[in-house]
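So the chains spell out like this:
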Amino acid sequence: MEFKFSEEQLMIRDTADAFLAEVSTSAAVREAMATELGYDPMLWQRMCEEMFWPAIHIPEQFGGMGLGYVELVAMQEQMGRYLLCAPFYATVCLATNALLVAASEQQKARYLPAIVSGTTATLAYTGSNGQWDADAVEAICTREGENYVISGNYRFVPDGHSAQLLVVAAREPGTRGEEGISLFVLPADCPGISRHWLPTMDQTRKQARLDFDKVTLDASALMGEVGQAWPQLAQIIDLATIAIAGDQVGGAQQSLDSTVAYLKERVQFGRKIASYQAVKHKAADMMLKVEAARSAIYYAACIADEFFQGGELSVELPEAASIAKAYCSDAYFHNAGTGIQLHGGVGFTAEYDIQLYFKRAKSTETFLGNASYHRERLARTLLDGSDLL
Amino acid sequence: MKLRFSAQDEQFRAEVATWLEQNLGGEFEEIRGRGGPGDEHMLVEERKAWERKLHQGGWTCIGWPAEYGGRNATIEQQVIFNEEYARARGPGRMGHIGETLLGPTLIAFGSEGQKQRFLPPILRGEELWCQGYSEPSAGSDLANVKTRARFDEEAGRWLITGQKVWTSLAHESHYCFVIARVDPQSVGHRGLGFFLIAMNQPGVTVRPIEQLTGTCEFNEVFFDDAVCGPDDIVGAPGDGWKVAMGLLGFERGVSTLGQQMLFNNELDEIIRIARSNGAARDPVIRQRIADAHVGLRIMRFNSMRMLSGGTSDGSLQKEAMIYKLYWSTWHRNLGKLAMDVLGPESEILDSGPYGLSRMQSMYLFTRSDTIYGGTNQIQRNIIAERALGMPREPRG
Ligand SMILES: Cc1cc2nc3c(=O)[nH]c(=O)nc-3n(C[C@H](O)[C@H](O)[C@H](O)COP(=O)(O)OP(=O)(O)OC[C@H]3O[C@@H](n4cnc5c(N)ncnc54)[C@H](O)[C@@H]3O)c2cc1C
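Computed from a predicted model, the values in this text were never measured in an experiment.

Colleague: Which parts of the structure should I look at to understand the overall build of chain A?
Modeller: Each helix and strand in chain A was counted, giving eleven helices and ten strands. The C-alpha extent of chain A, read off along each of the three principal axes, is 80 × 50 × 40 Å. Long-range contacts, defined here as pairs at least 24 residues apart, represent 75% of the contacts in chain A between residues at least 6 apart. For chain A, the exposed area adds up to about 14500 Å²; of that, 51% sits on carbon and sulfur atoms. Between the mean site of the 31 positive side-chain charges and the mean site of the 48 negative ones, chain A shows a separation of 9 Å.

What follows is the structure, given as C-alpha cells:
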C-alpha cells in the first residue's frame with residue numbers, strides 16, 4: 001500500500017500546473033468563456049500536439065500514452081484549479097471513457113486515434129427530466145431493418161454544440177429505468193441532428209441541447225449489445241463522476257489559496273485581516289475540506305485504475321465515485337462561498353476570480369448528481385441492501 | 001499510488017486474525033468490544049490480563065524496534081494489526097498510553113537506562129501510564145504549567161509539587177509522565193522538564209472527577225514533594241517542551257486506524273438500529289447516515305495518505321494537521337446521529353440510577369472528543385498558523 005504520488009505522477013502534475021499557469025490565466029479564461037465555443041482552438045491544438053493530453057489514458061496500441069486514472073485525475077485537479085476552458089473533460093472524461101468501456105475493438109481503432117490527434121467528443125445521455133441515473137435516458141431508438149433510428153432531445157450536454165464526435169444513449173420504446181438502453185458512437189454532423197448552445201451561469205463549462213430527429217445509424221455505430229448497455233453506461237458515469245470531482249478539488253484548493261493570499265494583504269482596524277481568529281478558523285475549515293476531498297478523489301482514482309485493470313477492488317467503483325462526488329461537491333461550494341465572504345465587497349465584483357470559482361462550484365456540483373443525490377445512492381446500499389448499480 | 005497490500009502483508013493479516021480468533025475467546029469472551037472511551041472503567045482486571053496475553057503472543061508494541069522487544073512492524077503491518085484487532089472486536093487497550101505515546105517518546109528522546117527500565121514492563125503489559133500535562137491554569141495553554149520540580153542535591157533526586165487535572169486513568173496507572181517547571185523564574189515553554197513519576201508513593205494523591213457520563217475516567221492528581229529519581233527525567237532539564245511536543249506527534253500515528261474501526265462498529269450499529277426501527281425510511285436520516293459513511297471512509301483515506309507520507313518521525317505534514325479536527329468533529333456528529341436514530345428510546349437508560357447504554361455513553365463521550373488532545377479551536381489555530389501561514393495569535 002502506498003497512497004501517495006509516484007515521482008512520475010508528480011512530474012505529470014507539475015507539468016500540467018506549469019503549462020496551465022501560462023495559458024489559463026484569468027484573462028485567457030475570461031476571453032474564452034465569453035465566446036459561444038467556450039475555448040481557444042489554438043490552445044486546444046497545443047494541448048493535443050505539444051502536451052498529448054487527450055492521449056493520457058488511451059492505451060498505447062491506439063496511439064495513446066497508456067497512463068492511469070490517477071494521472072488523469074491529477075490533471076483534472078490542475079484544470080479545475082486554473083478554471084481551464086477546454087473540451088478536455090467532455091472529450092477525455094466522457095467520450096473516451098465511454099469508448100474504452102463500451103466500444104468494440106474496431107470502434108476503438110477508428111475513434112481513439114482520432115481523439116489522440118485532436119478530435120473533440122462528448123457523451124449525451126440526459127434528457128430534460130433532470131435525472132442523472134438510468135431514468136435520465138429519454139431519447140428513443142427504434143429498429144428499421146438493419147438500421148437504428150434515434151429521436152429525442154438531450155440536455156445538459158457538456159460541449160455538445162461543438163464536439164465533433166458523439167456517444168449517445170437511447171432506449172427502446174416503452175422501456176424504463178435500466179431496461180432497453182443502447183449506446184451509439186457517431187459523428188456529430190449526421191443528418192437529423194441539430195445542436196444548440198445553452199447559455200450557462202458558469203460560463204467556463206459550456207452546455208448544449210441536442211435535438212435528434214430520426215437520426216439513422218447503421219450497425220457499426222452500435223456500442224455493445226442492443227438494449228443492454230446500462231451496466232456500461234453506469235460505469236462510464238462513475239468514471240466521469242470521479243473525474244469531475246478532481247476538477248472540484250482543484251477549484252476548492254484555489255478558492256482557499258486565493259482567499260488566504262488576500263487575507264494576508266488586506267488591512268482593517270490596523271492589522272492584517274488574516275490575524276483575526278474568526279477569519280483564521282474559517283480558512284482552517286476550508287483547508288480541512290479540501291484535504292479530505294483530495295483523499296477522496298485519489299482513492300477513487302485508484303479504484304478506477306483497478307477497474308481498468310480488472311482488479312478485485314473494481315467492485316468499489318460506484319461507492320468510491322459517490323463518496324468523492326458527495327464530499328467534493330460540498331467542499332468546493334463551501335470553499336468558494338466562504339471565499340466570497342472573506343473577500344468582502346471585492347468578492348462580489350466581476351473583477352476578482354473567486355466569483356468564477358463560485359459559479360464553477362455550482363455547475364460541477366449539479367452535473368452528474370449533487371451531494372444529496374450521491375448520498376441517497378449510498379444510503380440505498382447501506383440501508384436497503386440494494387446494489388449501487 | 002497503490003492500494004493493495006503485498007502478499008507478505010496479507011499473510012501477516014491472516015496470522016493476526018488467526019491468533020485473535022484462537023485467543024480472544026473463553027475467559028476473554030466477555031471483554032470483546034469493551035473498554036475504550038466511555039467504557040474505560042469497565043472490566044479493568046480482565047483487560048489487564050488481556051494485555052499480558054497479548055504480550056505472550058508478541059502482539060504488544062509491534063511497531064517498536066526489535067531491540068526494544070517490538071517487531072519492527074512496517075506501517076502496513078501496523079495498519080493491518082489495528083484493523084484485524086478492531087474487526088475481532090478486541091477490547092480497548094489498557095496499555096495504549098505507554099505503548100503509543102510514552103514508548104515511542106522514550107525510544108526517540110530517552111536515555112539507554114530509561115529504555116531498559118521502562119520499555120520492558122510496557123511491552124509485557126505490566127506497567128500502565130497516564131499523561132500529566134493539563135493543570136487548572138494550563139489547558140489549551142499548556143506552556144503555562146505551574147507544577148514545580150526541584151532537585152534535592154542532598155538526597156540526589158527530584159521533588160515534584162503541583163496539581164494536574166483531567167488525568168485519564170491515573171487511578172489505574174503505575175506511572176505518570178509529567179511536565180513540570182525546573183526553573184522557577186521561567187515562563188512559557190522554556191525551563192520545563194519531562195518527568196517519569198511513580199504513582200504509588202506518599203507524595204501523590206489521586207482524586208477521581210465525576211464526568212457528565214456519571215463515571216470517573218479522569219482525575220485530579222496532586223503532587224506534594226513527590227519523589228522522582230535523578231535519572232527519571234527525559235532529556236535535559238529545560239528540554240521538557242521539546243519532548244512533550246514530540247510525544248504529541250506520536251498521537252497521530254497508526255493507532256488512529258484502530259480507532260476508525262471502532263467508529264466503524266458504531267456506525268454499523270446505528271445502521272442496524274435504523275433498519276430495524278424504521279428510521280432508515282426517513283429521508284433526512286438517510287442523508288445523515290450516508291454522510292457519516294462518506295466521512296468515515298474519507299477518514300480512512302486521509303490516514304492512508306498521512307501514513308504513506310511518513311509521519312513516523314513525529315513531524316507533521318500539512319495534511320496531517322487536519323486529522324484531529326476531522327475525526328473529532330465527525331465523531332461528535334455521529335453521537336448526535338445515534339440519538340436521532342434511536343428517537344424517543346434514546347432517553348431511556350439501560351438501568352437505574354444512571355446506567356447508560358453503549359450508544360448513550362458514546363453520544364455523551366463524543367462531546368469530549370472535540371476538547372481533549374487540543375480543542376477544535378486550538379486545532380484550527382494550528383492549521384491556520386502552521387499550514388496556511390496566517391499570523392499567530394497575540395499572547396496576553
Ligand atoms: C475526557 C478528557 C480526558 C482528558 N485526559 C487528559 C489526560 O489524560 N492528560 C492531560 O494532561 N489532559 C487531559 N485532558 C485535558 C485536555 O487536554 C484539556 O481539557 C484541553 O487541552 C483543553 O483545556 P481546558 O480544559 O483547560 O480548556 P481551556 O483551554 O480553558 O478552553 C476553554 C475553551 O476556550 C477555547 N480556547 C482556549 N484557548 C483558545 C485560543 N487561543 N483560541 C481560541 N479558543 C481558545 C477552547 O477551545 C475551549 O473551547 C482530558 C480532557 C478530557 C475532556
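There is more to say, and it comes next.
Colleague: Looking at this structure, I do not really get the pattern of salt bridges. What am I missing?
Modeller: Proximity of charged atoms lets side chains of opposite charge pair with each other. Residues and elements named next belong to chain B. One pass over the structure, following the stated rule, counts 45 salt bridges over all chains. For E269, the salt bridge goes to R272, with nearest N and O atoms at 3.0 Å. Of the two residues, E269 and R272 are both situated in helix α7 (residues 255–277); the distance of three residues between them amounts to about one turn of the helix. Look at R272 and you get partly exposed, because its relative accessible area is 47%. Three or more residues are tied together by salt bridges with common partners; here these are E10, R13, E83, E84, R87 and R300.

Colleague: Got a minute to help me understand the packing of aromatic side chains in this structure?
Modeller: We describe a pair of aromatic rings using the distance from one ring centre to the other and the angle between the two ring planes. All names here are of chain B. All chains considered together, the criterion is met by 31 aromatic pairs over all chains. Here the aromatic rings of F118 and W129 are separated by 5.5 Å at their centres, their planes lie at 75°, and the arrangement is edge-to-face. Within this pair, whereas F118 is found in helix α5 (residues 112–123), its partner W129 is found in strand β1 (residues 129–132), the two being separated by eleven residues in sequence. On the basis of relative accessibility, which here comes to 1%, the residue F118 falls in the buried class. Ring centres of F151 and W158 lie 5.1 Å apart, and the angle between their planes is 70°; this geometry places the pair in the edge-to-face category. Grouped by ring-pair contacts, the aromatic residues F12, W19, F28, W50, W59, F81 and Y85 constitute a single cluster.

Colleague: I would appreciate a short explanation of the domain arrangement of chain A in the present structure.
Modeller: It is common to give the size of an interface as the accessible area that goes away when the parts come together. Residue and element names in this part refer to chain A. Taken as a whole, chain A is organised into domain 1 (7–120), domain 2 (122–223) and domain 3 (230–384). Taking the mean C-alpha position of each, domain 2 and domain 3 sit 29 Å from one another. A buried area of about 1500 Å², summed over both sides, lies between domain 2 and domain 3, and 72% of it is on carbon and sulfur atoms. Three residues, W132, D202 and R205, lead the burial of domain 2 against domain 3; their summed loss comes to 40% of the area buried on that side. Counting across the interface, domain 2 meets domain 3 through zero salt bridges. For the interface between domain 2 and domain 3, the tally reads four residue pairs in polar contact (both at pLDDT 80 or more). Considered class by class, the residues forming the side of domain 2 that touches domain 3 number eleven nonpolar, one polar and four charged.

The rules behind the values
Residues numbered from 1 in each chain as written. Chains lettered and ligands numbered in written order. Predicted model: local features only at pLDDT ≥ 70, side-chain atom pairs only at ≥ 80, totals over all residues. Heavy atoms only, no water. Helix = DSSP H or I, 4+ residues; strand = E, 2+ residues; numbered from the N terminus. Contact = heavy atoms within 4.5 Å. Areas by Shrake-Rupley, 256 points an atom, 1.4 Å probe, with all protein chains shown as cover. Lys, Arg positive; Asp, Glu negative; His and termini not counted. Charge placed at Lys NZ, Arg CZ, Asp CG, Glu CD. Salt bridge = Lys/Arg side-chain N within 4 Å of Asp/Glu carboxyl O. Buried < 20%, exposed > 50% of the residue type's maximum accessible area, 1.4 Å probe, protein only. Phe/Tyr/Trp six-rings, centres within 6.5 Å; stacked < 30°, edge-to-face > 60°. Domains from an automatic or database assignment. Buried area = accessible area lost by both parts, 1.4 Å probe. Polar contact = N/O pair within 3.5 Å; in protein donor to acceptor, adjacent residues only side chain to side chain. Nonpolar A, V, L, I, M, F, W, Y, C, P; charged D, E, K, R; others polar.

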